[in-house]
Amino acid sequence: MRQRTNVTECALTHDGKLRLSFFNEDVRDALISQLTSLNDGTGRLASFTTNVDKIRNRGVELAAQKDNVVIDGMEVFGSVTYVDSRILSNPSFVSTTGTKSVGRRVPNIPMWRATAGMTYRPDAYWSFTIAGRYSGKQFSTLDNTDVVPHVYQAFDGFSVVDLRVQRKATENATVSFGIDNIGDTRYALFHPFPGRTYVADIRLKF
């Protein structure tokens, strides 16, 4: 696999960060995993790796972070990314249904992704975070024919919100509790993804 990447960034800092990035990546001889039916009457699938002659990824990302918003200890952060990822050449692609792969989106790369959230730290011990995550629809096939949502092998778009509370118990111990996907949004990323999930952990430094 051969690739060429160009990245341009600009940033401003004043009690926070602001970054705007433009990128363009040309990849030749990309290796992309695919699934196919065994056609043996069992519904079983087999995976194989195919060589794609040329793909291109280009886009823009805006990321920002600001401290002490409205009140001391309030941090606001977020990012949004747009990627136009296309298959430009794929002479080895064979379709039994007449579909094509050239001009289609590259598998497993969503066109849009975004995050946004805020963290409040009232003192040196506590932090409270709420964050939202968004990802657009992804395809897993080279010809982008997997368009049925909410089923096994689908890669759905999703929007979820997570919560996290963290307490610094000592200099070497931190306790946290969180809820991922608090709205219990249902979506599939190859298989049905977990709904509302509770997470607790203790971190120790020695």
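For the structure, see preceding data.
Residues numbered from 1 in each chain as written. Predicted model: local features only at pLDDT ≥ 70, side-chain atom pairs only at ≥ 80, totals over all residues. Heavy atoms only, no water.

A. View of the pairing of strand β6 (residues 126-135). The pairing of strand β5 (residues 112-120) with β6 spans eight bridges and is classified as antiparallel. What sits directly across from Tyr 120, in β6, is Phe 128. Between the antiparallel neighbours β5 and β6 lie five residues. Looking at chain direction, β6 and strand β7 (residues 158-168) are connected through 10 bridges and run antiparallel. The residue of β7 that forms the bridge with Gly 132 is Val 161. (Pairing = 2+ DSSP bridges. Helix = DSSP H or I, 4+ residues; strand = E, 2+ residues; numbered from the N terminus.)

B. Structural view of the pattern of salt bridges. Applying the stated rule across the entire model yields 11 salt bridges. Between Arg 28 and Asp 53 there is a salt bridge, and its shortest N-O distance comes to 3.8 Å. One end of the pair, Arg 28, is in strand β2 (residues 16-37); the other, Asp 53, is in strand β3 (residues 45-66), with 25 residues separating them in the sequence. In this structure, a network of salt bridges that share partners links the residues Arg 56, Arg 58, Asp 84 and Arg 86. (Salt bridge = Lys/Arg side-chain N within 4 Å of Asp/Glu carboxyl O.)

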